[in-house]
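# Breakdown of the fold
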Amino acid sequence: MTPTVDLCNLALSLVGQSASISSVDPPEGSVYAHLCAQMYPLALGEMLEQHPWGFSTTTQELAPLATRPAGFISGFPLPSDCVRVWQVRSHEFGPLIPYEMRVGESGTMVCTGTETAIVLYTRAIDDPQLLPPAFKMALAHLLASMIAGPIIKGDTGAKAAAELRKVALSLSTQAATSDATQKLEVTRVTPVWIRERG
């Protein structure tokens with residue numbers, strides 16, 4: 001998860017810094033570059049967890065573990081790029097099923113009462129160029145809120161960080177609303193005469 005130079009410079013400008021970064025991978029010798037490289041994965045992870053973004057959400061059928069977890073029929077290890085699970089179904093187009101997240105010897109897994117599991121999940125994004133403009137703007141503000149304290153310091157830095165985080169959350173909500181309008185959800189209705197046939 002390497003940030004782009006332009007996103008880091010935008011975050012720095014939001015905390016009132018005129019200095020610009022020329023490299024973050026690897027970070028140049030400046031404190032600013034190291035701060036951005038350190039905080040960027042945290043900021044991006046928090047943003048990705050807030051909403052099932054269309055650009056980072058995918059569906060995948062999981063392979064079950066050989067050992068059954070206690071209290072469940074099956075356990076399924078999560079994909080390595082999984083940030084957050086949103087839905088689980090036993091088969092494509094099937095109804096949503098209950099599930100529980102547990103940590104086992106093989107890592108975090110989805111536990112269900114079914115033998116198969118198809119998950120809708122948010123995946124990690126390694127290429128910042130894939131981020132939509134509205135998401136990137138919210139991310140820059142969130143990154144700025146994380147680096148404001150170390151740069152400005154004291155009560156002034158804490159206040160700036162709080163204000164930037166507030167703006168970031170507002171921008172994130174707007175970006176999520178825009179993202180949601182780009183999806184079409186189809187409601188499947190079973191005719192009464194078919195339901196009555198049993």
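Residues numbered from 1 in each chain as written. Predicted model: local features only at pLDDT ≥ 70, side-chain atom pairs only at ≥ 80, totals over all residues. Heavy atoms only, no water.

### Some words on the overall build of the protein
What the protein contains, in helices and strands, is five helices and six strands. Of the regular secondary structure in the protein, the N- to C-terminal order runs α-α-β-β-β-β-β-β-α-α-α. Its C-alpha radius of gyration of 21 Å places the protein more than 25% over the 16 Å reference for a compact globule of 198 residues. Each principal axis of the C-alpha atoms in the protein carries an extent, and together these give about 70 × 40 × 30 Å. When each of the 198 residues of the protein is scored for burial, the buried share is 38%. (Helix = DSSP H or I, 4+ residues; strand = E, 2+ residues; numbered from the N terminus. Rg over C-alpha atoms; globule rule 2.2 N^0.38 Å. Buried < 20%, exposed > 50% of the residue type's maximum accessible area, 1.4 Å probe, protein only.)

### A short note on the state of the cysteines
Going through the model one piece at a time under the given rule, you end up with zero disulfides. Of all cysteine sulfurs in the structure, the one in Cys36 sits closest to Cys8, which takes part in no disulfide; the separation is 3.8 Å. Looking at Cys8, the relative accessible area reads 0%, which means it is buried. No disulfide involves Cys111; its sulfur sits 14 Å from the nearest other cysteine sulfur, which is in Cys82. (Disulfide = S-S within 2.5 Å.)

### Let's talk about helix α3 (residues 133–152)
Spanning 20 residues, α3 covers 27 Å between terminal C-alpha atoms, matching the ideal 28 Å at 1.5 Å per step. At Met146, α3 shows its largest bend, some 35°, and a proline, Pro150, comes one to four positions later. Two residues or fewer past α3, Lys153 is found with a positive phi of approximately 65°. (Expected span 1.5 Å × (residues − 1). Bend = angle between axes of the 7 residues up to and from the residue.)

### Some thoughts on helix α4 (residues 154–180)
For α4, with 27 residues, the first-to-last C-alpha span of 39 Å sits near the 39 Å given by 1.5 Å per residue. Restricting attention to buried positions, one finds in α4 the residues Gly157, Ala161, Leu164, Ala168, Leu171, Ser172, Ala175, Ala176 and Asp179. Contacts from the buried residues of α4 go to α1 (5–14), α2 (31–49) and α3. (Contact = heavy atoms within 4.5 Å.)

### Points about the packing of α2 against α3
Where α2 contacts α3, the axes come no closer than 9 Å and their chain directions differ by 130°. Looking at the two axes, α2 sits oblique to α3. Crossing hand, α2 versus α3: right-handed. Residues Tyr32, Leu35, Cys36, Met39, Tyr40, Leu42, Ala43, Leu44, Glu46, Met47 and Leu48 of α2 lie in contact with α3, whose contacting residues are Phe135, Ala138, Leu139, Leu142, Leu143, Met146, Ile147, Pro150 and Ile151. (Axes fitted to C-alpha atoms, helices over the stretch in contact; angles between N-to-C directions. Parallel < 35°, antiparallel > 145°, perpendicular 65-115°, else oblique. Left-handed = near helix turned anticlockwise from the far one by under 90°.)

### Side note on the packing of aromatic side chains
Each aromatic ring pair is specified by the distance between its two centres and by the angle formed by the two planes. Taken as a whole and assessed by the stated rule, the structure comprises three aromatic pairs. Aromatic side chains Trp53 and Phe55 sit 6.1 Å apart centroid to centroid with 35° between the ring planes, which places their arrangement in the tilted category. Grouping residues by exposure puts Trp53 and Phe55 together as buried. Grouping aromatic residues by their ring pairs yields a cluster made of Trp53, Phe55 and Phe135. The ring of Trp86 is capped by Arg84, whose NZ or CZ atom sits 4.0 Å from the centre of that ring. (Phe/Tyr/Trp six-rings, centres within 6.5 Å; stacked < 30°, edge-to-face > 60°. Lys NZ or Arg CZ within 6 Å of the ring centre and 35° of its normal.)

Taken by themselves, the reported measurements are silent on function.
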